[in-house]
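# Residue-level structural notes
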Amino acid sequence: MSFIINKQLNADAQEGSVPMQDREESAAKTNVPEEIMETNETMPTAEETVETTAEAVTETAAVVNMEVKAPVEEKIVTAHDDFDWDVDKRNVTSYTAAEKEKYDTVYDNTFKQINDGEMIMATIESLTKTDAVVNIGFKSDGLISLNEFRDMPGGVKVGDVLEVMVVEKEDRDGNLNLSRKSARTTRAWERIVDVNKTGEIVTGTVTNKTKGGLIVDVFGMETFLPGSQIDVKPVTDYDQFVGKTMEFKVVKINEAIKNAVVSHKALIESDIEAQRAEIMGKLEKGQVLEGTIKNITDFGAFLDLGGLDGLLYITDISWGRINHPTEVLKMDQKLNVVVLDFDDDKKRISLGLKQLTPHPWDTLTESLKEGEIVKGKVVNIEDYGAFLEIMPGVEGLVHVSEITWANTPINAKEFFNLNDEYEAKVVTLDKDTRKMSLSIKQMTEDPWSTIEASFPEGSKHMGVVKNITPYGVFVELTTGIGGMIHISDLSWLKRFNNPNEYTKVGNEIEVVIMNIDQEGRKLQLGHKQIEEDPWNSLESTFPVGSEHEGTVVKKDDKGAIVQLPYGLEGFAPARHLAKEDGKSVGVDEIAKFLVIEFDRNDKRIVLSHARLWEQVIEEEKQAVIKEKRADHEVTKKAVKNLQSKVEKSTLGDLGVLADLKAKMDSAESANAATNAATEPAASAPADVAADATPDATDATDATDEAVAEEPKA
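Residues numbered from 1 in each chain as written. Predicted model: local features only at pLDDT ≥ 70, side-chain atom pairs only at ≥ 80, totals over all residues. Heavy atoms only, no water.

### Concerning the pairing of strand β6 (residues 201-210)
Heads up, the rule is: Here the rule is simple: two strands pair whenever DSSP picks up at least two bridges between them. Numbering goes from the N terminus for both helices and strands, where a helix is a DSSP run of H or I of at least four residues and a strand is a run of E of at least two.
Relative to strand β9 (residues 245-254), β6 runs antiparallel, the two being bridged by 5 bridges. Note that in β9 the partner of V202 across the bridge is F248. One ladder, built from 5 bridges, connects β6 with strand β7 (residues 213-218); its direction is antiparallel. If you follow V206 over to β7, its bridge partner there is V216.

The following block contains the structure:
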């Protein structure tokens, strides 16, 4: 660029420095015809050219360094103005305006303008081992990988014309980037969108299996076929459809990611819907149809009636009880069913299978009467009893009251097991209402008719615990005979919150017959009565005030249960559990307790641990008080003896009296620190003074004065 600028500056400088005449001559020489330019006389030599160029460069530099002045407007006349441009017309052709416009159009069409993403027709020019050379009429050809032509039968050939997409006019290497696959995908998507709007049926090929469904090639684009949309029946093996060409309906598209979902099931359902309408129009209650089992559930089976589904409920499969439809039915099984009911609006049909055969109650033999012995299988168990199936569809109820002669409550669910067989007597039979009651206990003689002979009052027996309630234990002595032990009759010594604390169901226990109620079929039993009442002898062992060692076995806010020797239990109120250190006796802790109450009638012992250490402290206090009272009595007697002997005050006696007074004062101070019990003792000196003679009083006063004056001496 700098060279061009310098060259222009050099030319301008020469034009400014050369005289006008020379410039005209130079211009004339520049425009001389070709024949004249061929002579060597007017052409400068190489040396002259170099010298001229050097001078021009020097003059250009001088011109650049010159001060720039304002341009002067003047018309410059050059030799070009007088030059005859038509001096040489050899090999020159003249065109009219129309011809020029024609050729300009042809020329412009040779330059093809394309844009990225444009769809364009292309011609295969040649093939390499890996690519196809494609001509789209652009300044350069493009390459397309042969992998994009694998779908073409027989492969691609030179000269084939097909549609491609311009991915990039010029990549970073300057190549034209084309793609046939992108063109096919774009066109396929446009067709799929149109088909989705119109609802047209398309044909596609299943290419492979994926998670949850299949991949289908539609118009050269991959679409998704969910497993639930393959067929109206559940499909588990997807591999069987790979490679098949099938008809589909586009049911959903996603414009954002250009994804489509197709369905083969929709086509089948449309055909089935027509069949359903035809079948529903001909349905009648009681009509017998042939169907194929297509699905089995816990509550019944679904049958295909030729395009319309019907439900065969489990209770309509057999007159007898079945736990699951698979016990009678199988998948894809064909069978005749009767139409029980149908709903045109909801397209629901209720079917029946057992209705094709007569009801078993209608075919019962005349020999089945009340009092007959029958054999049946347990098919259902409820809280109130069990149902025995005498024959398929014919059942009888064994009520809990007809299980055993015993008057103890029985849980039917614990007594019976499903599918167990029992013999029973027919108690009632009503063929019209189709009801029958059975009895198991009437299969044997009523043991209560001879109860007094078999189980007299006061007799001891071994029984089995059959049931436990919060208020007692039910014991079976023999089949049909049993009674209850009240919770209070379980033990002489212990109290139970629940009989479960003493025994369990199934354990053997020894009982005593305490009372018999033959009409009510009840036995009153006892367990503690087997042994003598130990409370008669315990009163001497645990008298009030006695001390015993015990273990706290249970504790609550009210107090604690204490385990004593000989299996006896006592109760210690909460305030009587306090220990000397301020804490309380805890559970499982062994401590000594004092019996503060013994009630033989109520079978109750009240204990206290706090009384033990409180009693020791009280005894120590009483010992101190007793000792002080004894000292006071001795002093009082000494004062009386002294007063009785004193006839006259002397200085020697004053000293003795002063010692005696000091001793009495200390005794009074000690008595004031104790309880009110010591107050009478404190007033003893006053009483003594009151009983004393006037001489003694004077002597005491004299003693006091002597003591007061003693410090002065």
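### A short note on the pairing of strand β10 (residues 259-263)
This is how it is decided: Buried residues are those whose accessible area, probed at 1.4 Å on protein chains only, stays under 20% of the maximum for their type, while exposed residues exceed 50% and partly exposed ones sit between those limits.
Of all 5 residues in β10, 4 are buried; the element is thus mostly enclosed. Summarising the sheet, β9 and β10 pair through 5 bridges and their orientation is antiparallel. Within the sheet, the bridge partner assigned to I253 lies in β10 and is A260. In this structure, the hairpin formed by β9 and β10 is closed by a connection of 4 residues, where K258 is found at a positive phi of approximately 55°.

### Things to note about the pattern of salt bridges
Just so we agree on the cut-off: The rule for a salt bridge is simple: a side-chain nitrogen of Lys or Arg has to be within 4 Å of a carboxyl oxygen of Asp or Glu.
Scanning the entire structure with this criterion turns up 12 salt bridges. Between E190 and R187 there is a salt bridge, with the nearest N and O atoms lying 3.2 Å from each other. Placement of the pair is E190 and R187 together in helix α6 (residues 180-198), with a separation of 3 residues, close to one helical turn. Judged by relative accessible area, E190 falls into the partly exposed class, the value being 37%. We classify R187 as partly exposed; its relative accessible area is 32%. Between D341 and K285 there is a salt bridge, with the nearest N and O atoms lying 3.5 Å from each other. Of this pair, D341 sits in strand β14 (residues 334-343) while K285 sits in the loop between α7 (265-282) and β11 (288-296); the two residues are 56 residues apart in sequence, bridging distant segments of the chain. Note on D341: relative accessible area 36%, which makes it partly exposed. Several salt bridges share partner residues, and in doing so they unite E163, R187 and E190 into one network.

### Quick word on α6
Which entries qualify depends on this criterion: One less than the number of residues in a helix, times 1.5 Å, gives the span that helix is expected to have. Identification of polar contacts relies on pairs of N or O atoms within 3.5 Å, with a donor-acceptor requirement for protein atoms, meaning one able to donate a hydrogen and the other able to accept it, and with residues adjacent in sequence counted only if both atoms are side-chain atoms.
For α6, spanning 19 residues, the distance from its first C-alpha to its last is 27 Å, which sits close to the expected 27 Å at 1.5 Å a residue. Restricting attention to buried positions, one finds in α6 the residues R180, A183, T186, A188, W189, I192, V193 and V195. In this structure S179 caps α6, since a side-chain oxygen of it lies 3.5 Å from the backbone nitrogen of K181. Following α6 by one or two positions, G199 adopts a phi angle in the positive range, close to 80°.

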